[in-house]
Amino acid sequence: MSANASEQRAVYLVADVADDGTLRPLSVEMVSAGRAVADATGSELVGVVLSSDERAAASLAALAGVDRVLAATDDAFLPWTAVTWASAVAAILAERTPVAVLFPGSISGRDYAPRVAARFGAPMASDISAVVATGDGFAVRRPVYGGRVETTVSFASGTTPFMTVRPGAFAKATPAASPAPVEVVTLAADALDRRVRVLEVREHKPSGPSLTEAKRIVSGGRGLQGADAFAMLRELADLIDGAVGASGAAVGQGWQSHEIQVGSTGHSVSPELYLAVGISGAPQHLVGMQGAEYVVAINRDPAAPIFDVAAFGVVGDLFEVVPALIAEFRSGDAAGS
Amino acid sequence: MSERVAGGGLKMAALVKYIPDPNGIGIDPASRGPVFSGTMAVNTYDTYAVAEAIELKERYGGEVTVVTVGPATAREAILRGLATGADRGIHLQAEADVLATLDSLALARLIANRLHGESFDLILAGQQSEDLETGQVGPAVAALLDLPHVSLVTSLEADTEARTLRIRRDSEGRKQVIGVDLPAMLLMLTGRDGEQRHPTLKGMIQAKRKPLDVVEVDPAGLGEPVMTWSDPVAPVREREAIIVDGVPAPEAAKALAAWLREKHLV
């Protein structure tokens, strides 16, 4: 990254783009985070969009808070690979003087952002959930230990902080009165790292209502204490025509197959109802269920972060509450029929 | 490239982190800080990396080096790898309070500096750690060693003649097959068929005879920290949820069912 005194100070935001070339919803939340950093540092907010065409760049430019957008288009950007994106972003940043750089806290963003940060020797905070203006700059908050606690991260002066933005933590940016200018950026052909080749892509289609299509999901976590209790969740899911999911913790313990894992290392789901049972709500899990319309949590720990995203929460013993809920639906069906 | 393993095969390193048992963390009501059970564990994802490396060694030949950064107690994580079939260990050792000041990039630099020059064909690590969960160290090590990396790996096959890998990865419900040339770095999401190797008593005895390179990290060589962080606390949040607490389960279930019906969610 080169110094240039005359250049307007700028915070860069690398947008989250789907493999079909559209802007993902997390990008809209990232604009709020980026705007907070830009305001705290007296900078403009510049979007960076890598895609196969310019649709995503136009979508980002249409959001209030974005001052301008740099659009790089290349067929090599999709399907996404960490090495190609890291090399492209590094090439763009190398010619500029960022005050800070924000990346999506999505599965892909968490994967390539550290590569870029290492390339520039930049400090990096993962999964930020808040930006705090400090008068002479900013600090960020991020969750640790499964999201049960959080820490405030400060960056040394003279550094260019990098960060990934946690999904669901920032408000969605609103549409702009008029779109920000979009500048097309051309990268040198040899700038892109093409060492990782995507040979095949298959969408996973399990039998029954698939997790990604289900309108109702009953999902279990560490609190289930073993594989056996998932039978109870299956019974509940069947009663409400739902699918069963599992947290990374439950899969890691070997209680359930990775096929039904929800979270940063599993599926991203967007049901109408997400019923989280014995799930604490680690950021890696929240990433995968941020698209749910209503979240219901059953957990014995009132401090569990899952309650922060829940519309309805029951603090209690899931081994009592779930059977009671099953009984409730059975009697309700009987009464209704 | 030098130091190829004799007779072909794969020269591999598996990175492991020794962490507070994720099942043993609670919140102290007074300080709102985390309290630990004192039990330590090898990061689950890293156990997959070690198991996969040993599996690859058995199939293609080669050798496996288990690498960790941690205080003296972290040697246990290396010994577990050695007991299940790894060949040697590298322990980058420092006091816990020194390590606590290191950010992910500083940790990655320690690892990359030690591994640089060893000409590993393949470096494996877990997808992320379960304690600090930055997910940064793996990609950063790959970047510092200029290796391509592939994350969320579930299984792989090697062509040791062509020196290429065919990798399966799972990302957001999409299954991908990836091709990459060696040398490369992989971040493991799951173990082979979900199986983890468990050390036997015989294995533990043999492990203590295997070569273990202990490198004292010089705190003076680490430079000034580029970032600092506060002691973690449980956040006090404003909640918009309807919370049912301290109510017998049947009543709680009745209230929840009524709410679900009212919202037309069931």
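The shown structure was predicted, so the numbers you read here are calculated from the model rather than taken from an experiment. (Residues numbered from 1 in each chain as written. Chains lettered and ligands numbered in written order. Predicted model: local features only at pLDDT ≥ 70, side-chain atom pairs only at ≥ 80, totals over all residues. Heavy atoms only, no water.)

**Let's talk about the sheet that holds strand S8 (residues 122-126) of chain B**
Then, in step 1: With respect to topology, 10 strands assemble into an open sheet ordered S11(A)-S11(B)-S10(B)-S9(B)-S12(B)-S8(B)-S1(B)-S6(B)-S7(B)-S13(B), the strand pairing being mixed. Two strands lie at the open edges of the sheet, namely strand S11 (196-203) of chain A together with strand S13 (212-216) of chain B, each paired on one side alone. Direction aside, the axes of adjacent strands within the sheet are offset by 25 degrees on average.
Then, in step 2: Inspection of the sheet shows strand S9 (residues 149-159) of chain B paired to strand S10 (residues 164-171) of chain B by six bridges, in the antiparallel sense. When the bridges of S10 of chain B are listed, Ala158 of chain B appears paired with Leu165 of chain B.
Then, in step 3: Across the face of the sheet, helix H1 (residues 44-60) of chain B comes into contact with strand S1 (10-16), strand S6 (62-70), S8, S9 and strand S12 (184-188) of chain B while running at roughly 165 degrees to S1 of chain B. (Pairing = 2+ DSSP bridges. Helix = DSSP H or I, 4+ residues; strand = E, 2+ residues; numbered from the N terminus. Axes fitted to C-alpha atoms, helices over the stretch in contact; angles between N-to-C directions. Contact = heavy atoms within 4.5 Å.)

**Structural notes on the sheet that holds strand S15 (residues 242-245) of chain B**
Then, in step 1: In space, the six strands of this open sheet follow the order S13(A)-S12(A)-S14(A)-S15(A)-S16(A)-S15(B), with parallel pairing throughout. The strands lining the two open edges of the sheet, one partner per strand, are strand S13 (243-246) of chain A together with S15 of chain B. Shown here is a sheet whose adjacent strand axes are inclined to one another by a mean of 15 degrees, direction ignored.
Then, in step 2: Pairing of strand S16 (residues 312-315) of chain A with S15 of chain B involves four bridges; the strand directions are parallel.

**What about helix H3 (residues 82-94) of chain A?**
Then, in step 1: The end-to-end C-alpha distance of H3 of chain A, which contains 13 residues, comes to 18 Å, matching closely the 18 Å that a straight helix rising 1.5 Å per residue would cover.
Then, in step 2: Within H3 of chain A the residues assigned to the buried category are Ala82, Val83, Thr84, Trp85, Ala86, Ser87, Ala88, Val89, Ala90, Ala91, Ile92 and Leu93 of chain A. (Expected span 1.5 Å × (residues − 1). Buried < 20%, exposed > 50% of the residue type's maximum accessible area, 1.4 Å probe, protein only.)

**Quick notes on the pairing of strand S15 (residues 294-299) of chain A**
Residues and elements named next belong to chain A.
Then, in step 1: Extensive coverage of S15 is indicated by the burial of five of its six residues.
Then, in step 2: Bridge count between strand S14 (residues 273-277) and S15: five bridges; the pairing is parallel. Note that in S15 the partner of Ala276 across the bridge is Ala297.
Then, in step 3: You can see the chain leave S14, run along helix H7 (residues 283-289) and come back into S15, and the turn it takes is right-handed.
Then, in step 4: Inspection of the sheet shows S15 paired to S16 by four bridges, in the parallel sense. Bridge pairing in S16 places Asn299 opposite Val315. (Right-handed = clockwise from strand over helix to strand, strands pointing away.)

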